[in-house]
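Close look at the chain arrangement
Here are the chains, one letter per residue:
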Amino acid sequence: MFSGKIGFIGSGQMATALASGMLSAGLLQKDQLLACDVSSASAEKFAAVTGGQICPSIAMLTEKADVIFLSVKPQSMAGVLQTLSQVSTSREKLIISIAAGITLATLEAGLGGPGRIVRVMPNTPALVGAGASAFALSQGTHAASANRPSDSQIVRQLLETVGVAEEVPESLMDAVTGLSGSGPAYVYQIIEALSDGGVRVGLPRATATRLAAQTVLGAAQMVLSTKEHPGALKDAVTSPGGTTIAGLHALESGGLRAALMTAVVAATQRAKELGQPPR
Ligand SMILES: NC(=O)C1=CN([C@@H]2O[C@H](COP(=O)(O)OP(=O)(O)OC[C@H]3O[C@@H](n4cnc5c(N)ncnc54)[C@H](O)[C@@H]3O)[C@@H](O)[C@H]2O)C=CC1
Ligand SMILES: O=C(O)[C@@H]1CCC=N1
C-alpha cells in the first residue's frame, strides 16, 4: 500500500490509465487520488472512472499531494512548470513527469532548480496491470533514510504496481518512448491487420480479433517466460515446407521488420524534437 496522496496535473488518457491500474492493484484507495485539468470534461471523466478528487487548481493539488505526476502533453508543460514553480511547497514534493521528450534539465529549470524530479515513460497497458515503464532520476532525488524509502524505490513501487519498470540513464528515455511508450499503438496495428487477414480467409471478425490478440499475448508471454530468443521461438513454430514459412516469406517480402524498426526510430526522433525548446 502507498500511504500518501498522488496527484495528476493533466487527467487524460495516460493519467487515467496509471491511476486506474494503481487502484485495481490495490496500491491505494480513491481518496488518495487527486487530479486537476484545464478541461472540466477530462477532469470529470477521470473522477468518474477513478473516484479521485478533482482539485480546482495546481496550487491546491500541490498542497495536498505527496507525489505529483505531470501528465500533460509536452506542448503544455511550460505553463504547468511556471505555475508549479510559484507554489512554495512544490519543492518538497516528488515530481514525476511522464511527458515525451521533456528533459530533466527542462523540468529543473522550469521548477526553479534541482529537486525531487523523475522522468518516467509509461504506457497505456498500465490500465490492465501490464505496463512497460522506464524511469530516470534527477540529481536532486532523495536517497533512502531511516524512516523513508528512496525516491527511486517509491517510483519503482508505483510503476511495478501496474507492470514492469526499468531504471535507465536519461539519455535512453527517448528510445524508451519510441519503443514501449508508443509501442502499444504499433501492436494494435499488428493485431488489427492479423484480424483483417483472418477475415480475408473467412473468419468472423470477432473470432479473428480475439485469436489475433491472444496470439500476440501468448507470443509475448512465451518470450518473457521462457527467456528464449524470439528467433528461436519463431523457429519452433516454423515447420519445413509448412504454412508458417510461407507466411514469414510474405512478411519478409513486405518489409515487416524494417517497417517496425523504422517506426521506433521515427518515434524516438519525434520525442527528441518534442524535448527541444519551442522556437
Ligand atoms: N497516451 C499514451 O499512450 C502516453 C502518453 N504519455 C505522455 O503523457 C502525457 C499525457 O498524454 P495523454 O494522456 O495521451 O494526453 P491527453 O491529452 O489525454 O491528456 C492531457 C491532459 O492534460 C490537460 N492539460 C493541458 N494543459 C493543462 C494544464 N495547464 N493544467 C492541467 N491540465 C492540462 C488536457 O486538458 C488533457 O486532459 C503526454 O506528455 C504524453 O507524452 C506517455 C506515455 C504514453
Ligand atoms: O504519442 C505520444 O506522443 C505519446 C507519448 C508515448 C505514447 N503516446
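Analysis parameters
Residues numbered from 1 in each chain as written. Chains lettered and ligands numbered in written order. Predicted model: local features only at pLDDT ≥ 70, side-chain atom pairs only at ≥ 80, totals over all residues. Heavy atoms only, no water. UniProt positions renumbered as here; feature names shortened; annotations may be inferred. Helix = DSSP H or I, 4+ residues; strand = E, 2+ residues; numbered from the N terminus. Near = heavy atom within 4 Å. Areas by Shrake-Rupley, 256 points an atom, 1.4 Å probe, with all protein chains shown as cover. 1 Å grid on protein atoms, 1.4 Å probe; cavity = no way out; pocket = protein on both sides within 12 Å on 5 of 7 lines; lining within 4 Å. Sits in = over half its atoms within 2 Å of the grid points. Buried < 20%, exposed > 50% of the residue type's maximum accessible area, 1.4 Å probe, protein only. Pairing = 2+ DSSP bridges. Right-handed = clockwise from strand over helix to strand, strands pointing away.

Here, the residues flagged by UniProt with the feature "domain: Pyrroline-5-carboxylate reductase catalytic N-terminal" (unreviewed entry) are residues 5–101. End C-alpha to end C-alpha, residues 5–101 measures 26 Å, and it is 40% helix and 19% strand.

Attention now goes to the site of ligand 2. By nearness alone, every residue bordering ligand 2 is listed as Ala100, Gly181 and Ser182. In isolation ligand 2 exposes 250 Å². Once the protein is present, 45% of that is buried. When each cavity is represented as a set of grid points, ligand 2 is found to reside in the second largest pocket.

Here strand β4 (residues 67–70) shows two buried faces, one formed by Val67 and Phe69 and the other by Ile68 and Leu70. Note: strand β1 (residues 6–9) against β4, four bridges, orientation parallel. Of the residues in β4, the one forming a bridge with isoleucine 6 is valine 67. Examined bridge by bridge, β4 and strand β5 (residues 94–97) share four bridges and lie parallel to one another. Within β5, the residue paired with phenylalanine 69 across the bridge is isoleucine 96. Between β4 and its parallel partner β5, the chain crosses via helix α4 (residues 77–85), and the hand of that crossover is right-handed.

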